[in-house]
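Take a look at the letters that make up each chain.
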Protein chains: 2
Amino acid sequence: MNDMSSSTTAGQERKAPGRPRNAQADETILDAVLGLLSDGQSAASISIEAVAAKAGVGKATIYRRWPNKEALLIDAVRSMKGPLPEPAGRSVREDLIALINANRTPRAQRYSTVTACLLPELFRDTELARMYQDFVEPRREVTRQVLRRGIATGELRADLDIELTQLMLSAPGMIQSMLRLSTSMPEERFAETLVDAVLRGAAA
Amino acid sequence: MNDMSSSTTAGQERKAPGRPRNAQADETILDAVLGLLSDGQSAASISIEAVAAKAGVGKATIYRRWPNKEALLIDAVRSMKGPLPEPAGRSVREDLIALINANRTPRAQRYSTVTACLLPELFRDTELARMYQDFVEPRREVTRQVLRRGIATGELRADLDIELTQLMLSAPGMIQSMLRLSTSMPEERFAETLVDAVLRGAAA
């Protein structure tokens, strides 16, 4: 777990002083994983050997950083997403837009098929499923907190279904990315347009 | 194409007189495809040989019905979904609920990971992508028509974003099924609850 969080920090702040070579190697390895997955390889079929070959490093380099394939896969997904923004708390609308945009980084767009490639494996590999859950659940919880706050402040309906609203905010972007659907709006307006469409329903 | 549509009809009305044995064989073969995909096999890794072995039929039996693997994969997806209902036209709400429920058949729920397994292959196999598009596009168009009608009748906002609304109606169910997320509502209320949440925003 220390390995994972340190590699993530390195991946997100790769110019941080102290371990520039490690950060570079981490990123190369994570890119190799994402590349294999987005080429349509199933998570099950990806081996540490294949990742090492694609990244141009030795297997030992990978095992020094990640204890197993599951940890490597989850860290690759983690590296696609930006760090979750701390909700500013000024308005529910603004916070929800920021939370959606936090999942739509250029890296996430580039590897948009990765999540879909990983899904089937989540149902076969309980350890991977547990780690994926540990990764996404805190992110979902931030959105839930914003929605609960909106109910408390009167910005949102008192009878709002939190889980369904969360799904309405997250699923369209996931499906649009996975299926590479074109939309009528430019990417930079996607989150705002979606939040406004949801809020017109959710706003009290 | 004749093969595909006749097999679909047979799959949906498998007690239709005239070709009960063919219909049974079709369903066994399509079940084998869905079983392999939902076990987490990638579309790329599935061979006609593997399908034949799992279905307990000869390869020739499959090739007599489907010209290639792409046609077989798409027909398997088609067999998961119910036939699209003809919108009754009484209310947008009622029609949208029926359209969502048409995608949430027990068979579709049972093989909920299949679509995710197929997605990566759509970006590598242009023939598969074209056939998938030919399958889903008419289904999307029915929803668009209902939304356009709702704008015309005044049930929906005049400035409604048709594509985004379509995504808001389809994506939550897809993600919920793919990730097997639990929701606070029972399955039979999912479509209705979602449509009401969307309409509170979309309704004029």
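What you see is a predicted model, and the numbers here were worked out from it, not measured in a lab. (Residues numbered from 1 in each chain as written. Chains lettered and ligands numbered in written order. Predicted model: local features only at pLDDT ≥ 70, side-chain atom pairs only at ≥ 80, totals over all residues. Heavy atoms only, no water.)

(A) Representation of the overall build of chain A in the model. Along its length, chain A carries 11 helices and zero strands. Ordered by position from the N terminus, the helices and strands of chain A form the series α-α-α-α-α-α-α-α-α-α-α. Sequence-distant contacts in chain A: of pairs separated by 6 or more residues, those separated by 24 or more amount to 67%. (Helix = DSSP H or I, 4+ residues; strand = E, 2+ residues; numbered from the N terminus. Contact = heavy atoms within 4.5 Å.)

(B) Just the relation of the copies chain B and chain A, in detail. When chain B is fitted to chain A, the residual RMSD is 0.0 Å, and the transformation amounts to a turn of 180° plus an axial shift of 0.0 Å. A rotation of that kind, with that shift, is consistent with a two-fold axis. Comparing contact sets, 100% of the residues at the interface of chain B also lie at the interface in chain A, consistent with an isologous, same-surface contact. (Least-squares fit on C-alpha atoms with pLDDT ≥ 70 in both.)

(C) Just the interface of chain B and chain A, in detail. Contacts between chain B and chain A engage 36 residues on the former and 36 residues on the latter. Across the chain B to chain A interface the summed buried area is about 3,300 Å²; carbon plus sulfur atoms make up 75%. Where chain B packs against chain A, one counts zero salt bridges. Remark: the boundary between chain B and chain A carries zero residue pairs in polar contact (both at pLDDT 80 or more). For the side of chain B that touches chain A, the elements supplying multiple residues, two or more each, are α8 (114-122), α9 (126-153), α10 (162-178) and α11 (187-202) of chain B. (Buried area = accessible area lost by both parts, 1.4 Å probe. Salt bridge = Lys/Arg side-chain N within 4 Å of Asp/Glu carboxyl O. Polar contact = N/O pair within 3.5 Å; in protein donor to acceptor, adjacent residues only side chain to side chain.)

(D) Up close: the UniProt feature "DNA-binding region" (unreviewed entry) in chain A. Mapped onto this numbering, the UniProt entry gives "DNA-binding region" (unreviewed entry) at residues 47-66 of chain A. For residues 47-66 of chain A, helix accounts for 75% and strand for 0%, while the C-alpha atoms at its two ends are 13 Å apart. (UniProt positions renumbered as here; feature names shortened; annotations may be inferred.)

(E) Spotlight on the side chain of A:Asp95. Residues and elements named next belong to chain A. Here Asp95 lies in helix α6 (residues 92-102). Taking the relative accessible area as the measure of exposure, Asp95 reaches 2% and is therefore buried. Among the polar contacts made by the side chain of Asp95, one reaches the main-chain amide nitrogen of Gly89 at a distance of 3.1 Å. A distance of 2.8 Å separates polar atoms of two side chains, one belonging to Asp95 and the other to Arg149. (Buried < 20%, exposed > 50% of the residue type's maximum accessible area, 1.4 Å probe, protein only.)

(F) Looking closely at the pattern of salt bridges. Residues and elements named next belong to chain A. Summed over all chains, the structure comprises 32 salt bridges over all chains. Where Asp31 meets Arg107, a salt bridge forms, and the shortest distance between an N and an O atom there is 2.7 Å. Taken together, the residues Asp31 in helix α2 (residues 20-38) and Arg107 in helix α7 (residues 106-110) connect sequence positions 76 residues apart. With relative accessibility at 18%, the residue Arg107 sits in the buried group. Among the ionic contacts, a cluster of salt bridges with common partners joins Glu137, Arg140, Glu141, Arg144, Arg148 and Glu163.

(G) Spotlight on helix α9 (residues 126-153) of chain A. Residue and element names in this part refer to chain A. End to end, α9 covers 39 Å across 28 residues, agreeing with the expected 40 Å (1.5 Å per residue, within 8%). Bending of α9 peaks at approximately 25° at the position of Val136, with proline Pro138 no more than four residues after it. One side-chain oxygen of the residue at the start of α9 lies 3.1 Å from the amide nitrogen of Glu127, identifying that residue as Asp125. (Expected span 1.5 Å × (residues − 1). Bend = angle between axes of the 7 residues up to and from the residue.)

(H) Main features of the packing of aromatic side chains. Under the criterion given, the structure shown has zero aromatic pairs over all chains. Across from the ring centre of A:Phe190, 4.0 Å away, lies the NZ or CZ of A:Arg104, which sits over that ring. (Phe/Tyr/Trp six-rings, centres within 6.5 Å; stacked < 30°, edge-to-face > 60°. Lys NZ or Arg CZ within 6 Å of the ring centre and 35° of its normal.)

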